[in-house]
Amino acid sequence: MSEAGGGRGCGSSVPQRAPWSLVAATAAFCLVSATSVWTAGAAPMSREERQKLGNQVLEMFDHAYGNYMEHAYPADELMPLTCRGRVRGQEPSRGDVDDALGKFSLTLIDSLDTLVVLNKTKEFEDAVRKVLRDVNLDNDVVVSVFETNIRVLGGLLGGHSLAIMLKEKGEYMQWYNDELLQMAKQLGYKLLPAFNTTSGLPYPRINLKFGIRKPEARTGTETDTCTACAGTLILEFAALSRFTGATIFEEYARKALDFLWEKRQRSSNLVGVTINIHTGDWVRKDSGVGAGIDSYYEYLLKAYVLLGDDSFLERFNTHYDAIMRYISQPPLLLDVHIHKPMLNARTWMDALLAFFPGLQVLKGDIRPAIETHEMLYQVIKKHNFLPEAFTTDFRVHWAQHPLRPEFAESTYFLYKATGDPYYLEVGKTLIENLNKYARVPCGFAAMKDVRTGSHEDRMDSFFLAEMFKYLYLLFADKEDIIFDIEDYIFTTEAHLLPLWLSTTNQSISKKNTTSEYTELDDSNFDWTCPNTQILFPNDPLYAQSIREPLKNVVDKSCPRGIIRVEESFRSGAKPPLRARDFMATNPEHLEILKKMGVSLIHLKDGRVQLVQHAIQAASSIDAEDGLRFMQEMIELSSQQQKEQQLPPRAVQIVSHPFFGRVVLTAGPAQFGLDLSKHKETRGFVASSKPYNGCSELTNPEAVMGKIALIQRGQCMFAEKARNIQNAGAIGGIVIDDNEGSSSDTAPLFQMAGDGKDTDDIKIPMLFLFSKEGSIILDAIREYEEVEVLLSDKAKDRAAILKGKMIPSYIINSNPEMENEEQPSSENDSQSAEQITSSSQEVDLVDQESPEESSLNSQPESLSLADMDNAASVSPSEQISNPMENHETTSLDGECTDLDNQLQEQSETEEDSNPNVSWGKKVQPIDSILADWNEDIEAFEMMEKDEL
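Parameters and conventions
In this convention, every chain numbers its residues from 1, walking through the sequence in written order. pLDDT decides what is reported in this predicted model: residues at 70 or higher carry local features, side-chain atom pairs at 80 or more are listed and counted, and totals for whole chains, interfaces and linings draw on all residues regardless. Side-chain figures throughout are based on the complete set of non-hydrogen atoms in the structure, without hydrogens or water. Axis geometry follows a simple rule: fit a line to the C-alpha atoms, using only the stretch in contact for helices, then measure angles between N-to-C directions, giving values from 0 to 180 degrees. For helices the rule is a DSSP run of H or I covering at least 4 residues; for strands it is a run of E covering at least 2, with both sets numbered from the N terminus onward. Any angle between 65 and 115 degrees counts as roughly perpendicular, while under 35 counts as roughly parallel, over 145 as roughly antiparallel, and the rest as oblique. Should the near helix be turned counterclockwise from the far one by less than a right angle, the crossing is left-handed, whereas a clockwise turn marks it as right-handed. Here, two residues are considered to be in contact whenever any of their heavy atoms come within 4.5 Å of each other. Following the grouping adopted for this structure description, the nonpolar residues are Ala, Val, Leu, Ile, Met, Phe, Trp, Tyr, Cys and Pro, the charged ones are Asp, Glu, Lys and Arg, and the polar ones are all others, Gly among them. Note: two strands are recorded as paired if DSSP finds a minimum of 2 bridges between them. Pairing of aromatic side chains requires ring centres within 6.5 Å, counting the rings of Phe and Tyr and the six-membered ring of Trp. Pairs whose planes differ by under 30 degrees are stacked, by over 60 edge-to-face, and all others tilted. Note on exposure labels: buried denotes an accessible area under 20% of the residue type's maximum, exposed denotes more than 50%, and partly exposed covers the range between, all computed with a 1.4 Å probe on protein chains only. Comment: the charge-over-ring label is applied if NZ (Lys) or CZ (Arg) is within 6 Å of the ring centre and within 35 degrees of the ring normal. Two cysteine sulfurs form what is called a disulfide whenever their separation falls within 2.5 Å.

### So, the packing of helix 14 (residues 366-383) against helix 15 (residues 406-418)
In contact at an axis separation of 11 Å, helix 14 and helix 15 are set at 135° when each is read in the N-to-C sense. By the criterion of interaxial angle, the relationship of helix 14 to helix 15 is oblique. Where helix 14 crosses over helix 15, the two elements pack in a sense that is left-handed. Contacts from Ile-366, Ala-369, Ile-370, His-373, Leu-376, Tyr-377 and Ile-380 of helix 14 reach helix 15 at Phe-407, Ser-410, Thr-411, Leu-414, Ala-417 and Thr-418. A per-class count over the contact of helix 14 with helix 15 returns 9 nonpolar, 4 polar and no charged.

### Some points on the sheet that holds strand 14 (residues 396-398)
In space, the 3 strands of this open sheet follow the order 12-13-14, with antiparallel pairing throughout. Looking at strand neighbours, the two that pair on one side only are strand 12 (348-350) and strand 14, the edges of this open sheet. Direction aside, the axes of adjacent strands within the sheet are offset by 30° on average.

### Here we look at the packing of aromatic side chains
Summed over the entire model, instances satisfying the criterion amount to 34 aromatic pairs. Relative to Tyr-437, the ring of Phe-385 lies with its centre 6.3 Å away and its plane at 80°, an arrangement referred to as edge-to-face. With Phe-385 in the loop between helix 14 and strand 13 (389-391) and Tyr-437 in helix 16 (residues 422-438), the pair connects residues that are 52 residues apart, well separated along the chain. Like Phe-385, the residue Tyr-437 is buried in the burial classification. Through a chain of ring-to-ring contacts, the aromatic side chains of Phe-61, Tyr-65, Phe-444, Phe-463 and Phe-468 assemble into a single cluster. Over the aromatic face of Phe-210 sits the side chain of Lys-209, whose NZ or CZ is 5.9 Å from the ring centroid. Note that Arg-547 overlies the ring of Tyr-422, its terminal NZ or CZ placed 3.7 Å from the centroid.

### Observations concerning the sheet that holds strand 5 (residues 224-226)
Spatial strand order, 5-6-7: 3 strands in an open sheet with antiparallel pairing. Of all the strands in the sheet, just strand 5 and strand 7 (282-284) have a single pairing partner and so form its edges. Averaged over neighbouring strand pairs, the angle between their axes works out to 35° when direction is ignored. With 3 bridges connecting them, strand 5 and strand 6 (residues 274-276) associate as antiparallel partners. Residue pairing for strand 6: Thr-225 is matched across the bridge by Ile-275.

### A closer look at the state of the cysteines
Taken as a whole, this structure holds 3 disulfides when the rule is applied. Paired through a disulfide, Cys-83 and Cys-442 show a sulfur-sulfur distance of 1.7 Å. As the torsion about the S-S bond is roughly 135°, the Cys-83-Cys-442 disulfide counts as right-handed. You can see Cys-83 sitting in the loop between strand 1 (77-79) and strand 2 (84-86) and its partner Cys-442 sitting in the loop between strand 15 (439-440) and strand 16 (443-444), a full 359 residues away along the chain. Assigned by exposure class, Cys-83 and Cys-442 land together as buried. Across a sulfur-sulfur distance of 2.1 Å, Cys-226 and Cys-229 are joined as a disulfide pair. Residues Cys-226 and Cys-229 are joined by a disulfide whose S-S torsion is about 90°; by sign, that bridge is right-handed.

Next comes the structure, spelled out in structure tokens:
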């Protein structure tokens, strides 16, 4: 099936340029037969255990899908913390993320073929009927062309593919008459106006009802799109053409791919992240295999698999050679500049590149796939999930994790290619972490911060479309699936398209335009699969030998730049200029800047601007030093504010019926008990009177020995803390008085003191936005007695519930899981203390205080240009020597923080319906637990915690 990839047959008997139907079938056999080579590489997993894990995946899917259908349908997605549907326009805008929502029951459509893969054929038939009855594709809403294509069009085509398969089997779907295909065709025509550009690249967004040009469309003014957005259409559009006979869809998708290929950087054969859809100029000129480009490469190879067009394979191989030459720095995959591919464009990696080892398996390049996959797995073992971005020395860069499936995808493909049971154990770890840390009563919640274990109120449709599909297939035997998975190819959203489309409605000209643009190295192309003894050496421990050197890569890593500095010292060469040593009045320093391609510009307002043009550097090494210098200068400019920032904290509800399953992101205080240095505080909550806490409490007996709830406003935070402390409270939670505020859409809030000595405040104080605070308040109204845990990060339920009479599956989130002790997370805590979100906001006083002021962590006089890395720094920052605040470079091999980069601050839009009250939307707790009927009796026996 798709994992065959690259047109490789097994052995050496497949003729060159054979008809793809033969090559596909042979290549599929190649990967399956290769599994026998590796079974001795690790202890095999018994069929019984694999079946047990497969059943766990089924139960997890039922939990997620069932909650969506009960609490969210027909909304696009489920909000698992508040147990309701996410409806576009009724929730605070999340920016571009919301462009996937089109009021077309996104999660249901995205889950259609997953139901069949998981043998839920009756549920599939019911779901198809619901789609046909309820889904409207003519809504007045602006959606992403890319997301709508891969999720909705792909979901409809995947559902159609398996519907006709079931109909042919004769038991299910006998009534089906291509209705899903007709909906797909309707949607395809709605997306076509996006291609009305001179280049053929589509607009990034379109209005489903009004298209692009009409005034009512509210779109069509964009000039840029990402490479993946324009280059991830060919599978769905070609399949739609092959299914319906309407060639226009495949023609438009091919034209977009042709244009991207023509615009590649000719000397490096790389493409940038963002391109102008009208002129074809590259807007962002960095190149990698992660966000913005990823599925462009994937679709070139898979288009060859599905369509049998040689030019797609030739293009993919050309790009792949450039990737392995410049971007691949095993086991890392680092972005570079397309014009200067020897220069790294950044010092961190994003989570989307986790798909790449799977793509390398399809290509047949197993060794680097094993290396990168193992590196990613070590990061996961450190943080439980793969952070959205992490640095080259494996620290958290962006702490979110929206339950992405790419790593599970690569794990599945590596197991298919190698048969190594090690990857079954990796899959088992993924299942355990999902159940232990992401599972909540109403589904699975995305991680807002992998360091603290706090949740975000989202469960994206791709979680059901991809994660459960790959995990189930990982543990399933061939007889466990009701159809032959080898006859289908996976799209980037894991939707299934049949390989027989390659010989259907072939009306598109297959003129090979690739060779018109480049001379191709014949050694770069293989038309048959090499013998498995060559692809997989005759050594059952081969994969293990590749993984072994990477086992400690996360815990024993040094930034690459430090190594180079140390080597320079030892060789007698002068070390590069460090930003902390730079003085704008030193002529020698200015000369070094010039050599590195960095210009010094004095602005009229007194600031001094530094601009780097790598092309003006004396050499590639000097250009690299200049890039590092600019990155260090950015870090220095924000150092003072970063020193004042604290990482987020966690409020974990541990009483019945939550048992720790709900973790709320809390803002820290710059006074009171430091939860990162002291044991967590645990207690029941009580509201203070007066609720604002600005005077002596009139109900001290109610808050004595408890954690007091206080409303923000009317006085200083420190004054509130003193008042509840004098009343005997052991901690305090300040709840925002701005109705509708949420940690999902607002920067992390940090409470500062009152400008006086606050050493007298001994209790911990945390801040919750209105949405998170309402969850606790609703729980009090429902259950009266509510116990919470205030900590620096969410705690393992096993530790919290120790000594309680409770079933082990409450601790592990699954009755099939054994109660295992959680590994130490000291490194995680340290990381959380050192690395804080760049979107934090420091309020010196409370919201309504007349002395209110705030500090934003993003430096005011600093900017970083996309290509040229321009930065502005105040003269005082340049001339002063901040060395006392930084460590000096170590000469004996110790790691020094060199490659830190300023985190990007996300921007959020205002709530499109500000009059909607969060409190009115939150369902009663009883309805949140409605689908947990099988657990209610057990819940009645307990009184604590889960994640």
